[in-house]
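# Fold and geometry: a report
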Amino acid sequence: PYSAPTNQMEFPGLRRSTRRYTFSADADMGFATLSVLGAKNTQTERQQYPGLEGLSAPTLSPLSENPSPPSAARTAGQTGFSFNQAEVSNQFDDTQYELRLVSNGDTRLKYMVGVNRFEHEQVELFTGFNFATTYTVRNTSGFGLLSYDFSDKLTASIEGRQSRDEIGQVGV
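A brief report on the enclosed structure follows.

## A closer look at the overall build of the chain
The number of helices and strands found in the chain is 1 helix and 8 strands. Going from N to C terminus, the chain has its helices and strands arranged as β-β-β-β-α-β-β-β-β. Split into buried and exposed, the 172 residues of the chain put 24% on the buried side. Considering only contacts within the chain whose residues lie at least 6 apart along the sequence, 63% involve residues at least 24 apart. A total of about 11700 Å² of accessible surface is found on the chain, and carbon and sulfur atoms cover 56% of it.

Shown next as structure tokens:
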């Protein structure tokens with residue numbers, strides 16, 4: 001197996017920045033409380049890999065579907081990918097919203113209903129290979145709870161949630 005000389009595998013460190021914002025608001029409507037919640041998270045990470053000149057990525061042989069190791073690619077005269085410095089960048093963006101209505105609890109019948117939306121996007125950029133991939137996740141859900149106090153010692157409840165996920169990936 002091929003291994004790079006140790007003097008070529010320097011890792012100067014990871015640079016990361018994070019921003020987070022949240023908000024919430026409650027409105028007393030007399031019979032119930034209406035709540036609005038939201039959050040936004042953004043994180044950027046960058047990792048540099050300098051001094052990797054001479055390394056090659058696995059290359060497909062025209063006669064085989066199996067990738068050849070980098071050393072075999074060089075031996076066969078195939079260059080694969082070479083780069084002087086690679087950088088891997090990740091950008092994460094998460095956004096979430098929720099709207100909820102909760103009964104005030106002063107009657108035997110209590111309830112809560114709401115909707116939630118979550119969106120996630122991640123972009124990975126490999127500058128040494130000029131390649132980017134975007135991953136997306138979107139989740140929309142509705143939920144509810146209904147309970148009834150038959151007595152001070154007996155309460156029956158039923159609750160449920162319906163969710164729908166949309167997941168995607170695009171590479172360039």
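## As for the pattern of salt bridges
Applying the stated criterion across every chain yields a total of 5 salt bridges. The shortest N-O distance in the salt bridge between E45 and R16 comes to 3.0 Å. Taken together, the residues span a long stretch of sequence, with E45 in strand β2 (residues 32-50) and R16 in strand β1 (residues 14-28) at a distance of 29 residues. For E45, a relative accessible area of 15% gives the class buried. Among the salt bridges present, the one from R100 reaches E98, with a minimum N-O distance of 2.8 Å. For R100, a relative accessible area of 24% puts it in the partly exposed group. Residue classification places E98 among the buried positions, given a relative accessible area of 15%.

Thresholds applied
- Residues numbered from 1 in each chain as written.
- Predicted model: local features only at pLDDT ≥ 70, side-chain atom pairs only at ≥ 80, totals over all residues.
- Heavy atoms only, no water.
- Helix = DSSP H or I, 4+ residues; strand = E, 2+ residues; numbered from the N terminus.
- Buried < 20%, exposed > 50% of the residue type's maximum accessible area, 1.4 Å probe, protein only.
- Contact = heavy atoms within 4.5 Å.
- Areas by Shrake-Rupley, 256 points an atom, 1.4 Å probe, with all protein chains shown as cover.
- Salt bridge = Lys/Arg side-chain N within 4 Å of Asp/Glu carboxyl O.

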